[in-house]
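Listed below, chain by chain, are the residues.
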Amino acid sequence: MNSLKQALTQLSLVTSLLLATLTVAPSVAHSADNELNVRFAPLSLLVGWLNVDLDVRVNDQWTLGPTIGLWRANIEDNYFVGDKYQLKRNAVGVRANWSQSGSFQTGFYVSPIVQFVRAEVSGVSKSTGNDITASASGITITGIAGYQWFWDTFNLSVGGGLILGAQSSDVSVQDGPSSYKVASSGRGTGVAFDFMLGWTF
């Protein structure tokens, strides 16, 4: 409970700081001459999720580049030794950005994203003492729309959209010496939130 309160407090402070920055900024400088933008999602770090994008200018309105996501977390569960198991999630893909006002300039944006995602949970069973690992992987397609602000080199983007699992994915389970597959998790959809800080070069 204390960790949740700390996370909410940090979230509140970061949000307040960013809103204050937006309201007191006297002018917005465009980054028309820059070719690269490196961005990360600061709020995701509160839950252990690292998300980094590299945007490369393709033309006046489009950028294209790799996106990488890494997540490590310990989840409480009484079934496992230590009353927890480890969750790992890796994602790698390509993100494009179309900017209404031009690449690396303040204005509305739309971002299609395609990623290969692999998730794994692992822990030691209390009842059998076996190492248990379950994993699944698949392709996701995300569509995001939002608004971005560019100053001299610093930038901020806020948006939202939808995530679609592009294919069904069976879950592979390794329970000690035994291995088997669990029923397909199917294609799923979810909500995407885009809150990124970046620096242009």
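Refer to the structure above for everything that follows.
Note that this is a predicted model, so its numbers are computed, not measured. Along every chain, residues carry numbers that run from 1 in the direction the sequence is written. Note on the predicted model: pLDDT of at least 70 is required for a residue's local features to be given, and 80 or more for side-chain atom pairs to be given and counted; whole-chain, interface and lining totals, by contrast, use all residues. As a rule here, side-chain values come from all non-hydrogen atoms in the structure, and water together with hydrogens is ignored.

Asks: Looking at this model, I keep getting lost on empty space enclosed by the protein. Mind explaining?
Replies: The gaps left among the atoms become clear once a water-sized probe is rolled over them. Of the grid points, spaced at 1 Å and generated over the protein atoms alone, those admitting a 1.4 Å probe that cannot get out make up cavities, while open sets with protein on both sides within 12 Å along at least five of seven lines make up pockets; any residue with an atom within 4 Å of a point is treated as lining. Grid points are joined across faces, edges and corners, and a volume is the space filled by probe spheres set on the points. Scanning all chains against the criterion turns up one cavity of 30 Å³ or more. Taken as a whole, the largest cavity encloses approximately 90 Å³ of empty space. Lining the largest cavity are 13 residues, with N37, D55, F104, Q148 and F150 positioned closest to its centre. Only DSSP runs of H or I reaching four residues or more are called helices, and only runs of E reaching two or more are called strands; each is numbered from the N terminus. Looking at the lining of the largest cavity, the elements that each hand over two or more residues are β1 (36-40), β4 (84-99), β6 (131-150) and β7 (154-165). Among the elements that make up the lining of the largest cavity, the one with the highest residue count is β7 (three residues).

Asks: Is there a simple way to think about a nonpolar patch on the surface in this case?
Replies: Two joining distances apply to patches: 9 Å for like charges and 5 Å for nonpolar side chains (Val, Leu, Ile, Met, Phe, Trp, Tyr), and every residue must have over 30% relative accessible area and no salt bridge. Residue exposure ignores everything except the shown protein chains as possible cover, and the areas themselves are Shrake-Rupley values with a 1.4 Å probe. Criterion for a salt bridge: a side-chain nitrogen of Lys or Arg within 4 Å of a carboxyl oxygen of Asp or Glu. A cluster of nonpolar residues, L36, V38, L45, L50, V52, V56, I68, L70, V92, F116, W199 and F201, forms a patch on the protein surface that exposes about 970 Å² of accessible area. When residues in the nonpolar patch are grouped by element, the largest group, three residues, is from strand β2 (residues 49-57). Checked against the element boundaries, V56 lands in strand β2.

Asks: Whenever I open this one, unusual backbone geometry confuses me. Can you help?
Replies: Most peptide bonds are trans, and most residues other than glycine sit at a negative phi. Unusually for a residue other than glycine, D83 sits at a positive phi of about 55°. Following the sequence through the fold, D83 ends up in the loop between β3 (62-76) and β4. Although it is not a glycine, F104 sits at a positive phi angle of roughly 60°. Mapping F104 onto the fold places it in the loop between β4 and β5 (107-124).

Asks: Just checking my understanding: could you explain the side chain of T106 for this structure?
Replies: Positionally, T106 belongs in the loop between β4 and β5. Polar contacts here mean pairs of N or O atoms no more than 3.5 Å apart (in protein, one a potential hydrogen donor and the other a potential acceptor; neighbouring residues in sequence count only if both atoms are side-chain atoms). Here the side chain of T106 touches F150 through a polar contact of 2.9 Å, landing on its backbone nitrogen.

Asks: Whenever I open this one, the pattern of salt bridges confuses me. Can you help?
Replies: By the definition in use, this model includes seven salt bridges. A salt bridge links R39 to D55; its shortest N-O distance comes to 2.9 Å. Placement of R39 in strand β1 and of D55 in strand β2 is noted, with a sequence separation of 16 residues between them. Salt-bridge contacts for D53 lead to R95; the nearest nitrogen and oxygen are separated by 3.2 Å. Residue D53 is located in strand β2, and its partner R95 is located in strand β4; the two are separated by 42 residues in the primary sequence. Assigned by exposure class, D53 and R95 land together as buried. Among the charged side chains, a network of salt bridges with common partners joins R39, D53, D55, R95 and D194. Classification of residues uses two cut-offs on accessible area relative to the type maximum, computed with a 1.4 Å probe and protein chains only: under 20% is buried, over 50% is exposed, and between them is partly exposed.

Asks: Would you explain the side chain of N34 in this entry?
Replies: The topology assignment puts N34 in the loop between α1 (2-24) and β1. A relative accessible area of 17% places N34 in the buried class. One polar contact links N34 to T200, side chain to side chain, over a distance of 2.9 Å. Throughout, a residue-residue contact means that at least one pair of heavy atoms, one from each residue, lies within 4.5 Å. Sequence-distant contacts of N34, defined by excluding residues within four places in its chain, comprise R57, F104, D152, T200 and F201.

Any functional reading would require information that these geometric values do not contain.
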